[in-house]
Amino acid sequence: MTKLVYLHEPGVLCNLALRYRLNEIYTYTGRILIAVNPFAKLPHMYDMHMMEQYRGVQFGELSPHVFAIADASYRAMVSENCSQSILVSGESGAGKTETTKLIMRYLTFVGGRAIGDIRSVEQQVLESNPLLEAFGNARTVRNDNSSRFGKFVEIQFNKSGRISGAAVRTYLLERSRVVQISESERNYHCFYQLCASGKDADKYKLAHPQNFYYLNQSHMYELEGVNDAEEYLKTRRAMDIVGICFSDQEAIFRIVAAILHLGNIEFSPGKEFDSSVIKDEKCKFHLQMAADLLMVDVNLLLSTMCYRTIKTPEGNIIKAVDSSAAVIGRDTLAKTVYARLFDWLVDNINKSIGQDMESRSQIGVLDIYGFECFKYNSCASILLMKSFNNILISMFSRWSRRNIKQKKLIGATSTLLITKIYWILLKRNQ
Ligand SMILES: Nc1ncnc2c1ncn2[C@@H]1O[C@H](COP(=O)(O)OP(=O)(O)OP(=O)(O)O)[C@@H](O)[C@H]1O
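Small disclaimer: the values here were computed from a predicted structure and weren't measured. (Residues numbered from 1 in each chain as written. Predicted model: local features only at pLDDT ≥ 70, side-chain atom pairs only at ≥ 80, totals over all residues. Heavy atoms only, no water.)

Here we come to helix α10 (residues 228-242). Between the first and last C-alpha of α10 there are 21 Å, a value that for 15 residues agrees with the 21 Å anticipated at 1.5 Å per step. By the burial criterion, the buried members of α10 are Asp228, Tyr232, Thr235, Arg236, Ala238, Met239 and Val242. Looking straight down α10, one finds that the buried residues subtend no more than 155 degrees of arc, so they occupy a single side. Its side-chain oxygen at 2.9 Å from the backbone nitrogen of Ala229, Asn227 defines the N-terminal cap of α10. Looking at the residues trailing α10, positive phi occurs at Gly243, about 90 degrees. (Helix = DSSP H or I, 4+ residues; strand = E, 2+ residues; numbered from the N terminus. Expected span 1.5 Å × (residues − 1). Buried < 20%, exposed > 50% of the residue type's maximum accessible area, 1.4 Å probe, protein only. Arc of directions from axis to C-beta. Polar contact = N/O pair within 3.5 Å; in protein donor to acceptor, adjacent residues only side chain to side chain.)

Attention now moves to the pairing of strand β6 (residues 150-157). Counting buried residues along β6, seven of its eight residues qualify, which places the element largely inside the surrounding structure. Bridge analysis of β6 against strand β7 (residues 163-171) gives eight bridges, and the strand direction is antiparallel. Of the residues in β7, the one forming a bridge with Val153 is Val168. Two successive antiparallel strands, β6 and β7, enclose a turn made up of five residues, where Gly161 displays a positive phi of approximately 80 degrees. Relative to strand β12 (residues 361-367), β6 runs antiparallel, the two being bridged by seven bridges. Paired with Val153 across the strands is Val365, a residue of β12. (Pairing = 2+ DSSP bridges.)

This brings us to the UniProt feature "binding site: ATP" (unreviewed entry) in the protein chain. Sequence positions flagged by UniProt for "binding site: ATP" (unreviewed entry) are, in local numbering, Gly90, Glu91, Ser92, Gly93, Ala94, Gly95, Lys96 and Thr97. Lining the second largest pocket, out of the annotated residues just given, are Ser92, Gly93, Ala94, Gly95, Lys96 and Thr97. Of the residues examined, Gly90 reaches a relative accessible area of 11% and is grouped as buried. Note that Glu91 resides in the loop between β3 (84-88) and α4 (96-111). Among the residues examined, Glu91 registers a relative accessible area of 38% and is labelled partly exposed. (UniProt positions renumbered as here; feature names shortened; annotations may be inferred. 1 Å grid on protein atoms, 1.4 Å probe; cavity = no way out; pocket = protein on both sides within 12 Å on 5 of 7 lines; lining within 4 Å.)

Further remarks concern the pattern of salt bridges. Pairing between side chains of opposite charge can happen when their charged atoms approach one another. Tallied over the full model, the rule gives 17 salt bridges. Two residues, Glu24 and Arg19, come together in a salt bridge whose shortest N-O distance is 3.7 Å. Judged by relative accessible area, Arg19 falls into the partly exposed class, the value being 21%. A salt bridge links Arg169 to Glu154, with the shortest nitrogen-to-oxygen separation between them at 3.3 Å. Here Glu154 lies in strand β6 and Arg169 lies in strand β7, a separation of 15 residues in the sequence. In this structure Arg169 comes out as partly exposed when scored by relative accessible area, which is 35%. Beyond isolated ion pairs, a larger network of salt bridges with shared partners links Arg148, Glu174, Arg177 and Glu185. (Salt bridge = Lys/Arg side-chain N within 4 Å of Asp/Glu carboxyl O.)

This part covers the nonpolar core. Phe67, Leu131, Phe135, Phe191 and Tyr338 are the most contacted members of the largest nonpolar core, which has 93 residues in total. Broken down by element, this core gets its largest block of residues, nine residues, from helix α14 (residues 323-353). For Tyr338, the residues in contact, after removing those within four places along its chain, are Ala134, Phe135, Leu173, Val178, Tyr188, Cys190, Phe191 and Ile259. By size, the runner-up hydrophobic cluster in this structure holds five residues, among which are Met1, Leu7, Val12 and Ile34. (Core = buried A, V, L, I, M, F, W, Y, C linked by side-chain atoms within 4.5 Å. Contact = heavy atoms within 4.5 Å.)

All right, on to the environment of Tyr28 then. For Tyr28, the position within the fold is in strand β1 (residues 26-29). Relative accessible area serves as the criterion here: at 14%, Tyr28 is assigned to the buried category. A C-alpha to C-alpha distance of 8.4 Å links Tyr28 and Gly60, two positions 32 residues apart in sequence. If we ignore the near neighbours within four places in the chain, the residues touching Tyr28 are Met1, Leu33, Phe59, Gly60, Leu62, Ser63, Pro64, His65, Ala68 and Ile69.

Around the ligand, the structure places 17 residues, and the nearest of them are Ser92, Lys96, Thr97, Ser146 and Ser147. Tyr46 is positioned such that a nitrogen or oxygen atom in its side chain is 3.1 Å from a nitrogen atom of the ligand. In the environment of the ligand, an oxygen atom lies 2.6 Å from a nitrogen or oxygen atom belonging to the side chain of Ser92. Isolated, the ligand exposes 630 Å² of accessible area, and the fraction of that covered by the protein chains is 83%. (Near = heavy atom within 4 Å. Areas by Shrake-Rupley, 256 points an atom, 1.4 Å probe, with all protein chains shown as cover.)

Further remarks concern the layout of surface pockets. Estimated volume of the second largest pocket: approximately 1,000 Å³. Taken together, 37 residues line the second largest pocket, and the ones lying closest to its centre are Asn37, Lys41, Gly95, Glu98 and Thr99. Taken together, the elements giving at least two residues each to the lining of the second largest pocket come down to α4 and β5 (146-147). Per element, the largest residue contribution to the lining of the second largest pocket is seven residues, and it comes from α4. (Points joined across faces, edges and corners; volume = space filled by probe spheres on them.)

Structure (structure tokens):
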């Protein structure tokens with residue numbers, strides 16, 4: 001890319017398109033790899049033979065490839081004895097999660113596994129994937145299985161450069177999706193899976209997703225080629241693999257069901273000014289169900305939503321809230337409970353994978369949250385997009401300043417060219 005005569009947006013995009021037509025989905029711009037999603041299975045690109053070809057080869061000698069990036073970071077970690085990070089960024093559906101999996105596969109290939117490990121780290125992280133996906137992925141306009149959280153997979157190595165452990169860290173789960181979804185999108189997969197689970201759905205008094213407010217705001221209930229009942233069984237199997245016992249599994253799905261019942265609780269204005277009461281018998285049923293499933297006192301649950309506590313130096317004042325504030329309270333409760341459940345699941349996944357607290361160095365792969373740009377964007381997604389772009393901008397600026405100062409890598413001129421290409425691509429996202 002740095003060899004282009006005219007460095008502007010049409011030039012960069014035309015170059016990527018021409019290469020894509022020649023089945024070259026990868027392009028380098030300095031140390032950065034640009035990947036264009038092929039939306040097709042390309043097994044020959046990622047097989048064992050390909051991994052062997054890239055092993056230990058000087059960066060840039062072979063065609064651009066995600067394995068070359070992984071190999072360069074592994075060699076840098078071993079030779080400089082210093083931890084490395086690989087940042088995977090792009091818009092929703094660009095292929096970040098797939099790329100992260102490919103990097104992990106390559107690192108497992110070169111890093112092997114420490115003696116005594118029965119399952120490879122890649123296997124262990126991948127085995128926990130159905131679980132993370134059930135609770136953290138959802139259908140968006142761009143991607144039927146979009147990750148709605150950021151993920152940092154840290155692969156830990158021992159003194160001899162062998163993999164000795166791994167950890168998955170997640171951040172910024174899109175909490176707002178639990179209570180609000182746009183047309184053509186879905187809530188998190190686990191809700192639909194539980195509704196389709198048959199006996200378990202009956203146990204928790206669930207029915208078709210169209211009966212629940214948190215799911216029927218969009219009319220998208222099913223995914224093409226996906227059977228939610230089968231996916232439910234896969235999620236339960238992943239829980240078994242991760243070591244979540246039966247009673248904990250039951251508790252998890254009780255919480256998922258309770259959130260759906262919570263969403264169906266509506267409020268009417270109370271007799272007193274600025275107060276609210278539960279709307280009707282149907283809502284009372286959902287309130288009772290939510291309380292039973294969460295194992296809390298029903299009156300306490302109701303007052304949590306219809307009253308708020310104001311802390312003053314003289315003591316706490318309990319004040320009634322109007323029906324719209326009660327709805328906000330209900331939604332906040334649902335979002336908080338879901339986010340805590342997600343964090344708990346991630347903790348359990350990490351316990352199952354096994355971390356090496358004494359690891360010599362690590363390679364971290366950051367699968368950054370996929371941004372989307374619509375005609376109308378929600379405030380939450382704009383803030384997320386802005387904060388990630390700001391992180392990227394500051395990281396990249398630091399990197400180019402350092403390279404220019406040290407005349408490192410490929411010389412200051414090339415660094416400036418790479419910076420320009422990077423800005424062109426980043427500006428498109430903004
Ligand atoms: N290298 C690849 N080869 C073949 N198919 C790919 C590749 N990368 C991505 N895909 C296809 O694109 C789809 C979307 O990719 P992926 O889920 O990785 O996107 P993403 O960038 O992580 O999206 P989001 O930010 O919404 O989670 C995948 O389901 C897969 O079918």
